[in-house]
Amino acid sequence: MRDASLLEAKGLVRRYTMRRGLLGRSVDVTAVAGVSLRLERGRTLGLVGESGCGKSTTGRMVLGMEVPDAGSVAFEGRPMPTPGTQAWRALRARMQMVFQDPLGALDRRMTIAAQVAEPLEIHRIGDTAERAFRVEALLRNVGLRPDQGARYPHELSGGQRQRAVLARALATSPAMMVCDEPISALDVSIQAQVMNLLVELQAEHGMGLLFISHDLRAVRQVSERVAVMYLGTIVEEGPPDALLQDARHPYTQALVSAIPHPGRSSNRIVLQGDPPNPASRPSGCAFHPRCPIATARCAREAPALRDTHEGRRVACHHADAPVLAEVA
Amino acid sequence: MSDSVLPAAAVAAPPKPRTRLPPAVALGIAWIGLMLAVALLAEVISPYAYTALDLRNRLSPPVFMDGNWAHVLGTDELGRDVLSRLFFSIRMSLLIAFGATIIGAAFGTTMGFLAAHFRGVVEQAVLTLVDFSASLPFLILALAVLAFFGNSLMLFIVLLGFHAWERYARIARGLAISAGAQGYAAAVRQLGATPLRVYWRHILPNIASTLIISMTLAFPEVILLESGLSFLGLGVQPPATSLGNMLGYGREYLTRAPWILLAPAFTIILTTLAISLVGDWLRDRVDPTLR
């Protein structure tokens, strides 16, 4: 086990059973179909994909909030304990989650300070005076005034609430943080502030970050590596700049072309076909019904995620084909 | 949620808008206050002991029906003062209604939380019990229990407590599940909190308003149920008295001395109406989406 590896997930699979109608047959929905990823200490891995592609489920499994149907998660070299056990609860202090909706993630009947102090109480860190001191430091750390600790969540703005959620997540000095769409519920002007804060906090506290988002540009801003998910699998992984400039997977190419560029004539790749439905996964490569360069082979066999060059990985039979946008 | 779009300027604690009480609600609150005062001060304000007989003044009519001032609301067939009996009946009925409502709410909420937490078999068992309890005519069950186990005040209160527990169980289960799947409860669980902490410190305070409203709706029902059972002779036993007990024993004199029955009947009607009105108003007040 390499020392730098904070978290290692191998072949995660998660299926849900869904029933259609009153007497309908139950259908297996594969939310995550074999995802492997590694997060290093103090580094950031971005996870992008459209909604419903299983990125949030992956985040919850990595945190141990959900048990994968197959595959394994190892945190700091040790396997994830069963949820609800004492060991699992103790591990919560080492890994934290930041949610999409800060108002929903905060208890509206408790003050901000009480909620930031809560992880300290749960994990029995310090006495009352020390906790109060620590809460004040945490609030300052995320750019809130200590007197705002006496407020209730609905008395704060969206950005301030997300700062409060960050302060709570940082209270136990976690080694890993999973941010599940932490900025999508915020105004654009506040998004940038929270992103910058996240980068600063990471530099200061040195935690590993799994940044889940549907916004490729936001992910690019914070991440050292980016993984692109489509229908429960990672289709491409690599450094963000390389991924943006030279996407190898047709899905990534379509995503990159969808980023608006001022002053450049639009050469967007518009994907054909239906949006992906995890209840009926296509055979072979999950992307082949919508893929402009799909061949008969794509419908038969699923491509494996293989290393190409410069630390990049692609899951496509035609990854060496010329870039789509140039052909079009 | 409406307050998620508040601009930063609204951060300065917004002044709580003072809303005026609707007159009906104000009257309801006043009536409930009066009933509580009567219940607490029954010994002090009663002109007579509720068992005291005045055999020379049997079936004496109340003042407004040409009675005398010795017995303002008249007397019953044994010459007992109706006003004094009414005061003690209010105390007894309120005690039963409060006790039963609290027992029902505590038991139902606990069961609902258990179902929400364990899911699976426990949830199925609780839900089966809920359905069973909802489909069983409660009066029949109460008759059976009281006939077999005899009658004591404690047993009676506990029995009435199980009258509406399934409502609290349903509410608590539903709200706990929705809170646990998303939002604050999931966030706190993810911090490593024990289930007890999640339910007691977070979910209970957040759903308390709904439960309290439900209690104000169940409260009049318990009073009516107590009246019904006492009317049938299965509730509060003489010489103790309750509103329903007074009704039940007064019905034989309905044509000759209606005042025996009318005083407790109006008290029941006004009290249940007042609590329903206040409960309705309270529901609108504590629901943040309606404010």
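What counts and what doesn't
Counting restarts for each chain: residues are numbered from 1 in the order of the written sequence. Note on labels: chains are lettered from A, ligands numbered from 1, in written order. Only residues with pLDDT of at least 70 get local features here, since the model is predicted, and only at 80 or more are side-chain atom pairs given and counted; chain-wide, interface and lining totals rely on the full set of residues. UniProt positions are given in the numbering used here, feature names are shortened, and annotations may be inferred rather than shown by experiment. Strands are runs of DSSP state E lasting at least 2 residues, helices are runs of H or I lasting at least 4, and numbering of each runs from the N terminus. We call a residue exposed when 12 or fewer other C-beta atoms sit within 10 Å of its C-beta, buried when the count reaches 20 or more, and partly exposed for counts in between; the C-beta positions come from the backbone. Axis angles are defined between N-to-C directions and span 0 to 180 degrees, where every axis is a line fitted to C-alpha atoms and, for a helix, only to the segment in contact. Whether a crossing is left-handed or right-handed is set by the direction in which the near helix is turned from the far one by less than a right angle, anticlockwise for left-handed and clockwise for right-handed. Residues are defined as contacting one another if the C-beta atoms placed from their backbone atoms lie within 7 Å. Asp, Glu, Lys and Arg are counted as charged, while Ala, Val, Leu, Ile, Met, Phe, Trp, Tyr, Cys and Pro are counted as nonpolar; the rest, among them Gly, fall into the polar class. Put simply, a nonpolar core is buried Ala, Val, Leu, Ile, Met, Phe, Trp, Tyr and Cys residues tied into one set by C-beta atoms within 7 Å. Expected helix span is computed as 1.5 Å times (number of residues minus one). Between any two strands, pairing holds if DSSP finds at least two bridges. The pLDDT value expresses, per residue, how confident the predictor is, ranging between 0 and 100.

Per an unreviewed UniProt entry, chain B carries the name ABC transporter permease and comes from Neoroseomonas soli. UniProt lists a comment for chain B under the heading Sequence similarities (unreviewed entry), and it reads "Belongs to the binding-protein-dependent transport system permease family." The UniProt entry for chain B carries the following comment under Subcellular location (unreviewed entry): "Cell membrane".

By the naming in an unreviewed UniProt entry, chain A goes by ATP-binding cassette domain-containing protein and is assigned to Neoroseomonas soli. A UniProt comment under Sequence similarities (unreviewed entry) is attached to chain A, and it reads "Belongs to the ABC transporter superfamily."

Next up on the list: the overall build of chain B. Summing up its helical and strand segments, chain B has eleven helices and zero strands in all. Helices and strands appear in chain B in the N-to-C order α-α-α-α-α-α-α-α-α-α-α. Each principal axis of the C-alpha distribution contributes one length, and for chain B these read about 75 × 50 × 30 Å. When burial is assessed residue by residue, chain B has 39% of its 291 residues classed as buried.

All names here are of chain B. With their axes 7 Å apart at the nearest point, helix α9 (residues 195-231) and helix α10 (residues 243-250) run at an angle of 40° to one another. Regarding α9 and α10, the two cross each other, and that crossing is right-handed. Residue-level inspection shows Glu226, Ser227, Gly228, Leu229, Ser230 and Phe231 of α9 in contact with α10, the latter providing Leu243, Gly244, Asn245, Leu247 and Gly248. Class assignment for the residues of the contact of α9 with α10 results in four nonpolar, six polar and one charged.

Here we come to the interface of chain B and chain A. Contacts between the two partners involve 19 residues from chain B, matched on the other side by 22 residues from chain A. Broken down by secondary-structure element, the contributors of at least two residues to the side of chain B that touches chain A are α8 (184-190) and α9 of chain B. Among the elements that line the side of chain B that touches chain A, the one with the most residues is α8(B), at four residues.

Core analysis: the largest hydrophobic core is formed by 150 residues, its most contacted members being A:Val116, A:Ala167, A:Leu210, A:Phe211, A:Val228 and A:Tyr230. Sorting elements by how many residues they give to this core places helix α3 (residues 82-118) of chain B first, with 15 residues. Setting aside chain neighbours within four positions, we find A:Ala167 in contact with A:Val116, A:Leu138, A:Leu139, A:Asn141, A:Val142 and A:Leu144.

Counted at 1.5 Å a residue, the expected span for helix α5 (residues 138-149) of chain B with its twelve residues is 16 Å, and the 16 Å between its end C-alpha atoms agrees. Among the residues trailing α5(B), B:Gly150 stands out with phi positive, at a value near 75°.

Per the UniProt record, "transmembrane region" (unreviewed entry) is found at residues 24-50, 94-118, 138-165, 203-225 and 259-282 of chain B. Along residues 203-225 of chain B one finds 100% helix and 0% strand; the C-alpha atoms at either end are 31 Å apart.

This next bit is on the environment of A:Thr30. Residue and element names in this part refer to chain A. Mapped onto the elements, Thr30 comes out in strand β2 (residues 26-40). For Thr30, a count of 20 C-beta atoms within 10 Å gives the class buried. The spatial distance from the C-alpha of Thr30 to the C-alpha of Cys179 is 22 Å, given a sequence separation of 149 residues. Thr30 has contacts with Arg15, Gly232, Pro278 and Arg281, leaving out every residue within four places of it along the chain.

The next point concerns the sheet that holds strand β9 (residues 225-230) of chain A. Residue and element names in this part refer to chain A. What the eight strands build is an open sheet, ordered β6-β7-β8-β3-β9-β10-β12-β11; its pairing is mixed. Strand pairing shows two members of the sheet lacking a second neighbour, β6 (95-98) and β11 (306-307), which therefore form its edges. Across five bridges, the pairing between strand β7 (residues 176-180) and strand β8 (residues 208-213) is parallel. Across the sheet, residue Met176 finds its bridge partner in β8, namely Gly208.

Detailed reading of the predicted coordinates is not advisable wherever pLDDT is low. Residues and elements named next belong to chain B. With 91% of its residues at a pLDDT of 70 or more, chain B has an overall mean of 81. This model gives residues 1-14 a pLDDT under 50, and the stretch forms ten contacts once residues within four places in sequence are excluded. On the interface metric, ipTM, the complex scores 0.78, and its pTM is 0.76.

All names here are of chain A. Reading across the sheet, the four strands line up as β2-β1-β4-β5 and stay open at both edges, with antiparallel pairing between neighbours. Each having just a single partner strand, β2 and β5 (78-79) make up the two edges of the open sheet. Of the strands in this sheet, β1 (5-19), β2 and β4 (70-75) are in contact with helix α1 (residues 55-63), which crosses β1 at around 125°.

This brings us to unusual backbone geometry. All names here are of chain A. We note that Glu76 has phi near 50°; this positive angle belongs to a residue other than glycine. Along the polypeptide, Glu76 turns up in the loop between β4 and β5. The phi dihedral of Glu181 is positive, around 50°, even though this residue is not glycine. With respect to the helices, strands and loops of the structure, Glu181 is situated in the loop between β7 and α7 (188-205).

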